[in-house]
Every structure is written in structure tokens, then in C-alpha cells.
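Examining the three-dimensional arrangement
Chain residues, written in single-letter form:
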Amino acid sequence: MPVLAIKPRKLYCAIMTMHAYEPTVDDFLALDQLTLRDHTERAGDVFDPVQHRGVLKTALATTRVCTVERDEHLIAYAMLRPETSDCWFVTGFNIHPAHRNAAVMQQLIYSVLDLVQTSEAVALRSHVYKTNLPSLAFHRRLGFKATRENAKAVEFYATLADLADNAAIRRIITRSANF
């Protein structure tokens, strides 16, 4: 039995495939421009939309993506890629500020957990700018541990077993199972 014991949500999958909307590179770029520019620049880096569009285009071709849409608009996403046979790297996680609520967070996290549980992953790794205080707190709340840091960023790591023991994750799984 998988560590996280997530049950398939056929109803959710059916709802998501009933429409033809699929987010484009420009949809991801618009959301990133809205939310990432400030803390990227406060960290001393440059957020260049043209360069970032290229990064997104490459990432979308090489990562697994979980999205949340409302009225054919991208409001949240997570991008993950296998880094090793047992560890996946979270290359992106973003939620539109107007949609940062429990329902969207629950849907996105559940999708991510469902994705990694169907892989051979036993752990997740992520990097966060130190200027992105909400993301730092979010990682810690979910049970990620800081493993390295430099002047600009913190590396986080969590095993799926650690995540399964986290009360916030257990609530998400329980609520999603009752959907």
C-alpha cells in the first residue's frame, strides 16, 4: 500500500477532462509574473519575462504538471520532475493571490501527492528564495526540512513518509477522500 494511501478520485478526473482548456506557456508566464517577480528581484536576481518564458517552455516539456483551473483560467500549478529514481524536484509551485484558499490548496496538493505516489519517488526536494516568506512557512508547515541554504535560498527535503505523518497533509487527504 502506498505511503500516503490516496484513493483515486475518478469523479475529479472526469470533471477535469470534460473541458478542452489546457493552460499554455503564456498562462504559466502570466501567473509567474504576478507572483514571482517581487521576491525574485528582492533576492537580487532578475525576472526577465522573455527568458522566463523560455524556461517555462522547457520545463513544461520535461516536467509533470498539476494544475487547478477556474473558468478556463490557470489559477494554480505545481511542476515536478524526477531528479533521481527515488526523489522528485518541485520545479514550481504557484497559486494566484486571489485564489489562495483551502479549496485550491487542497486540490493542488492532493494532485501532487497523487502524482508522486504513483511514481517510484520516496522523497521531494525544493528550493525557495529566502525572500519568499509565505513559501518558506508553507514548506515547514507541510513537514519539509531545510537541508541546505546559501545567501539567497533554502533547499527543502521531505520523504513521503514524513509528509504522510504531517497533520496538515492528513487533513488534505481525508477531506479529498470525502469529496
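Below is a short write-up of the structure. (Residues numbered from 1 in each chain as written. Predicted model: local features only at pLDDT ≥ 70, side-chain atom pairs only at ≥ 80, totals over all residues. Heavy atoms only, no water.)

Given a rise of 1.5 Å per residue, 16 residues ought to cover 22 Å, and the 22 Å separating the end C-alpha atoms of helix α5 (residues 102–117) matches this to within 8%. Counting buried residues along α5, 12 of its 16 residues qualify, which places the element largely inside the surrounding structure. Among the residues making up α5, those that are buried are V104, Q106, Q107, L108, I109, Y110, S111, V112, L113, L115, V116 and Q117. The N-cap of α5, judged by a side-chain oxygen 3.0 Å from the amide nitrogen of A103 a few residues on, is N101. (Helix = DSSP H or I, 4+ residues; strand = E, 2+ residues; numbered from the N terminus. Expected span 1.5 Å × (residues − 1). Buried < 20%, exposed > 50% of the residue type's maximum accessible area, 1.4 Å probe, protein only. Polar contact = N/O pair within 3.5 Å; in protein donor to acceptor, adjacent residues only side chain to side chain.)

This part takes up the layout of surface pockets. Of the volumes computed, that of the largest pocket is approximately 1200 Å³. At the level of secondary structure, the elements contributing two or more residues to the lining of the largest pocket comprise α2 (25–35), α3 (37–42), α4 (49–62), β2 (73–82), β3 (87–95), β4 (123–129) and α6 (133–142). No other element matches the seven residues that β3 contributes to the lining of the largest pocket. Along the lines of polarity and charge, the residues of the lining of the largest pocket split into 21 nonpolar, 14 polar and eight charged. (1 Å grid on protein atoms, 1.4 Å probe; cavity = no way out; pocket = protein on both sides within 12 Å on 5 of 7 lines; lining within 4 Å. Points joined across faces, edges and corners; volume = space filled by probe spheres on them. Nonpolar A, V, L, I, M, F, W, Y, C, P; charged D, E, K, R; others polar.)

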